[in-house]
Amino acid sequence: FGGEDLLPPNSSKFQQACYQIDLARMEKEPFYGERAFRRLRAVNIAYRRKIFNRNSFNTSLISLQEPELHHRLIKEGLTAKFNPKIAVYHDRRKDVRSLFRQMYRNGKAKMQLIKLHGSETLSFEDIVSVAVPFLTLYFIFAHFSYSSRLLVTWIALLALYYIAKPFYILSKTSKLNLYPQMFKAVLSREIGYSLGILAGLKEFFK
């Protein structure tokens, strides 16, 4: 079981922006089962000791050890509880560079998870994270022309996505003043994760 992780007082503007991503999806009521396993994070979680009689964290993973363990616990039919009232303070990444590195590791680790457990651990976000850079490279090299409407349209759509997503998140938390920092956070998170997944493909096909 476990719960939310809150932003400590006196956090920087960038940390506040990163926190808005979690705040936008914050739960109000407790819930159980697979959904709880998917929501729990290492910063605020406790396990019954007997869990580790048959299971342990997979130390071969470079990141995402908790989600991988939770996937196995779900397969065993075990139950988890998420209670938002059980909260702890937790620092977010302090700058674009550290956030990028974290998401890059997560992307590589996600490919390790998919190799271990197959498509059961694949999400829509993972598919998009692979499709976006591949499509971008395809449009650049296959349609490289200043008059290429397809290339221009694709670049415009990407720009619109990265501009609109920070606004969408902040519209849920009423913190639009954090838009400049949120834009950097979203860009860092998504590009880092996409590049991590692409880097993980090398190990995936070994």
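The text that follows walks through the structure, step by step, so that each part is easy to find. Every value quoted in this text rests on a predicted model; they were computed, and no experiment measured them.

**Comments concerning the packing of aromatic side chains**
Argument step 1. If you walk through the whole model with that rule in mind, you get eight aromatic pairs.
Argument step 2. Centroid distance Phe-204 to Phe-205: 5.0 Å. Interplanar angle 85 degrees. Geometry classified as edge-to-face.
Argument step 3. By relative accessible area, Phe-205 is classed as exposed at 65%.
Argument step 4. Taken together, the ring pairs connect Tyr-47, Phe-52 and Phe-57 into an aromatic cluster.
Argument step 5. The lysine or arginine in question, Arg-35, covers the ring of Phe-31, its NZ or CZ lying 3.8 Å from the ring centre.

**A few points about the side chain of Ser-188**
Argument step 1. In this structure, Ser-188 sits in helix 7 (residues 179-204).
Argument step 2. Ignoring any residue separated from it by four or fewer positions in sequence, one finds Ser-188 in contact with Val-96, Leu-99 and Phe-100.

**Notes on the environment of Asn-55**
Argument step 1. Relative to the assigned elements, Asn-55 resides in the loop between helix 2 (34-39) and helix 3 (65-75).
Argument step 2. Through-space distance from the C-alpha of Asn-55 to that of Leu-69 is 7.8 Å; in sequence the pair is 14 residues apart.
Argument step 3. Not counting chain neighbours up to four residues away, the residues in contact with Asn-55 comprise Leu-69, Arg-72, Leu-73 and Glu-76.
Argument step 4. Polar contacts involving the side chain of Asn-55 include one to the main-chain carbonyl oxygen of Ile-51, which spans 3.2 Å.
Argument step 5. At 3.4 Å, the side chain of Asn-55 and the side chain of Glu-76 are in polar contact.

**Comments concerning the packing of helix 5 (residues 124-142) against helix 7**
Argument step 1. Two numbers describe how helix 5 lies on helix 7: the axes approach to 9 Å, and their chain directions differ by 85 degrees. In this view, helix 5 runs roughly perpendicular relative to helix 7, as classed from their interaxial angle. Taken together, the residues of helix 7 that come into contact with helix 5 (itself represented by Glu-125, Asp-126, Ser-129, Val-130, Pro-133 and Phe-134) are Tyr-193, Ser-194, Ile-197, Leu-198 and Leu-201.
Argument step 2. Grouping the amino acids of the contact of helix 5 with helix 7 by side-chain chemistry returns seven nonpolar, two polar and two charged.

**What to know about unusual backbone geometry**
Argument step 1. Backbone geometry at Leu-64 places phi at a positive 60 degrees, although glycine is not the residue there.
Argument step 2. Of note, Leu-64 is situated in the loop between helix 2 and helix 3.
Argument step 3. Classification of Leu-64 by relative accessible area gives buried; the value is 19%.
Argument step 4. In the Ramachandran plot, Ser-174 falls in the positive-phi region, its phi being about 60 degrees despite a non-glycine side chain.
Argument step 5. The topology assignment puts Ser-174 in the loop between helix 6 (149-173) and helix 7.

**Details of a nonpolar patch on the surface**
Argument step 1. Side chains of Leu-137, Ile-140 and Phe-141 sit close together on the surface and give an oily, nonpolar patch of about 310 Å² of accessible area.
Argument step 2. Here Ile-140 shows up in helix 5.

**Re a positive patch on the surface**
Argument step 1. Judged by side-chain charge, Arg-93, Arg-97, Arg-101 and Arg-105 come together as a positively charged surface patch.
Argument step 2. With respect to the helices and strands, Arg-93 occurs in the loop between strand 4 (88-89) and helix 4 (96-117).
Argument step 3. Residue Arg-93 is classed as partly exposed on the basis of its relative accessible area of 34%.

Analysis parameters
Residues numbered from 1 in each chain as written. Predicted model: local features only at pLDDT ≥ 70, side-chain atom pairs only at ≥ 80, totals over all residues. Heavy atoms only, no water. Phe/Tyr/Trp six-rings, centres within 6.5 Å; stacked < 30°, edge-to-face > 60°. Buried < 20%, exposed > 50% of the residue type's maximum accessible area, 1.4 Å probe, protein only. Lys NZ or Arg CZ within 6 Å of the ring centre and 35° of its normal. Helix = DSSP H or I, 4+ residues; strand = E, 2+ residues; numbered from the N terminus. Contact = heavy atoms within 4.5 Å. Polar contact = N/O pair within 3.5 Å; in protein donor to acceptor, adjacent residues only side chain to side chain. Axes fitted to C-alpha atoms, helices over the stretch in contact; angles between N-to-C directions. Parallel < 35°, antiparallel > 145°, perpendicular 65-115°, else oblique. Nonpolar A, V, L, I, M, F, W, Y, C, P; charged D, E, K, R; others polar. Patch = residues over 30% accessible without salt bridge, like charges linked within 9 Å, V, L, I, M, F, W, Y side chains within 5 Å. Areas by Shrake-Rupley, 256 points an atom, 1.4 Å probe, with all protein chains shown as cover. Salt bridge = Lys/Arg side-chain N within 4 Å of Asp/Glu carboxyl O. Lys, Arg positive; Asp, Glu negative; His and termini not counted. Charge placed at Lys NZ, Arg CZ, Asp CG, Glu CD.

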